[in-house]
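Coordinates in review
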Amino acid sequence: MKNPQNKEELYEMFMTFLHERSLEKVEMRIYVTKNSRVLSNRGPSFFEPSNHIEADTRVALFVKDALQKNFKRILVRTGDTDVIFILVGQCRKFLLLNKNLQLFVDMHTSSSNKGSSSYIDIVKIATSIGINRSVGLPLLHAYSGCDYTPSFYGIGKSKWFDTYLLHPEVMDMFTRIVENPESVQEAEIVKITQYTLAVYGVDDPKKGLLEGRFDRLTSKKINTFRSLPPSPGAAIIQFRKAVHIAAHIWGKACEPEITPPDMCSPLQGWKKVGENVEHIWTVTPEPTDKDRYACCKKTCGCRRKQDICQGRCSCRDADMPCLYLCKCRRKCAS
């Protein structure tokens, strides 16, 4: 299966087999996705050709088609939480097609109890948040960690969501960004960093990520550097990835053709290495926290004099920039 061509041939075989078997089930309508086409056991499916790569976003197309066929009670079965957030983000569009929509998700995961089902009411979630604000919820999911983006060590989804509900200005901002991802301003990036620090429990999120990391480091509440808030460069690149996924892909889930920017461009957060796509982890490459803080924790006797670090500055000796842990608090020019 390491050969991509073998995977394509296996996929073709499976889809052909499923479609042939579906022809025997005359009592129900069955759709089978085969590349850009959708096959039906009841003749032409009348689906527009779609270039969606992931099944997650194709689910929204099927829900939209069901609504256009005057169905109002829809159940989606999935094992991926991404699908839930995609449907919540598209709920406003669904309700425009049928205001009496009843949309549920039957969530099954490896940890689900066998034989048990719990239906998640998508419309109820969207309306409880606010039907307009629900559009920005997929961006929260993508920023806090999803199938495409890394998660934050030790910070669960509930903490992100609880803090999100306490900041309506962040909810409105996320909605604006999903609707118009090209309009992200520097002031909004600052709000993202403040929201991130609030999630980490920093007393004054307006301090900024560098000050927030210093406070966490000196609070003796951490046992690993991974528990620190992200650096500014890491937070910015994480948000770029989240906008790419939530706005350019998930936000267009109801459209048959999606044309997102090249994800391997530096501004999107990934890079092409050979045949693989890898994460870009920060805007500017820096030494690891472990090396930098270990250096400063030794005997850093730096002093700021005329914007030059003087004295026993371990950072300068190690050819590293000073940090907030240093006595100069990074106000020197080194």
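Described in the following lines is the structure provided in the data block.

The rules behind the values
Residues numbered from 1 in each chain as written. Predicted model: local features only at pLDDT ≥ 70, side-chain atom pairs only at ≥ 80, totals over all residues. Heavy atoms only, no water. Pairing = 2+ DSSP bridges. Helix = DSSP H or I, 4+ residues; strand = E, 2+ residues; numbered from the N terminus. Axes fitted to C-alpha atoms, helices over the stretch in contact; angles between N-to-C directions. Contact = heavy atoms within 4.5 Å. Core = buried A, V, L, I, M, F, W, Y, C linked by side-chain atoms within 4.5 Å. Buried < 20%, exposed > 50% of the residue type's maximum accessible area, 1.4 Å probe, protein only. Phe/Tyr/Trp six-rings, centres within 6.5 Å; stacked < 30°, edge-to-face > 60°. Lys NZ or Arg CZ within 6 Å of the ring centre and 35° of its normal.

1. Remarks on the sheet that holds strand β3 (residues 73-78)
Here we have 3 strands laid out as an open sheet, ordered β3-β4-β5, and mixed in their pairing. What marks the edges here is a single partner per strand, and that holds for β3 and β5 (119-121). In this sheet, adjacent strand axes meet at a mean angle of 30° when their direction is disregarded. Of the strand pairs in this sheet, strand β4 (residues 102-107) and β5 are connected by 3 bridges, and their pairing is antiparallel. What sits directly across from Asp106, in β5, is Tyr119. Across the face of the sheet, helix α3 (residues 81-97) comes into contact with β3, β4 and β5 while running at roughly 175° to β4.

2. Quick look at the nonpolar core
With 58 residues, the main nonpolar core has Leu87, Phe94, Leu103, Leu139 and Phe174 as its most contacted residues. Setting aside its immediate chain neighbours within four residues, Leu139 contacts Phe174, Ile177, Val178, Phe239, Ala242, Val243 and Ala246.

3. Quick notes on the packing of aromatic side chains
Geometrically, a pair of aromatic rings is defined through the distance of the ring centres and the angle of the planes. All told, the structure shown has 12 aromatic pairs when counted by the stated rule. For the ring pair Phe152 and Trp160, a centre distance of 4.9 Å and an interplane angle of 55° mean the geometry is tilted. Ring geometry for Tyr164 against Tyr195: centres 6.4 Å apart, planes inclined by 65°, an arrangement best described as edge-to-face. Here Tyr164 is found in helix α6 (residues 157-165), whereas its partner Tyr195 is found in helix α8 (residues 186-199), with 31 residues between them in sequence. Both residues of the pair, Tyr164 and Tyr195, belong to the buried class. One Lys or Arg, Lys241, reaches over the ring of Trp281 and ends 5.0 Å from the middle of that ring.

4. Comments concerning unusual backbone geometry
For residues other than glycine, phi is negative in most cases, and the peptide bonds are mostly trans. Backbone geometry at Asn70 places phi at a positive 70°, although glycine is not the residue there. As for its placement among the helices and strands, Asn70 is situated in the loop between α2 (55-68) and β3.

5. Concerning helix α5 (residues 137-144)
Counting buried residues in α5 gives 8 out of 8 residues, a clear majority hidden from the surface. Looking at the buried residues of α5, the elements they touch are α3, α4 (122-129), α6, α7 (168-179), α8 and α10 (232-249).

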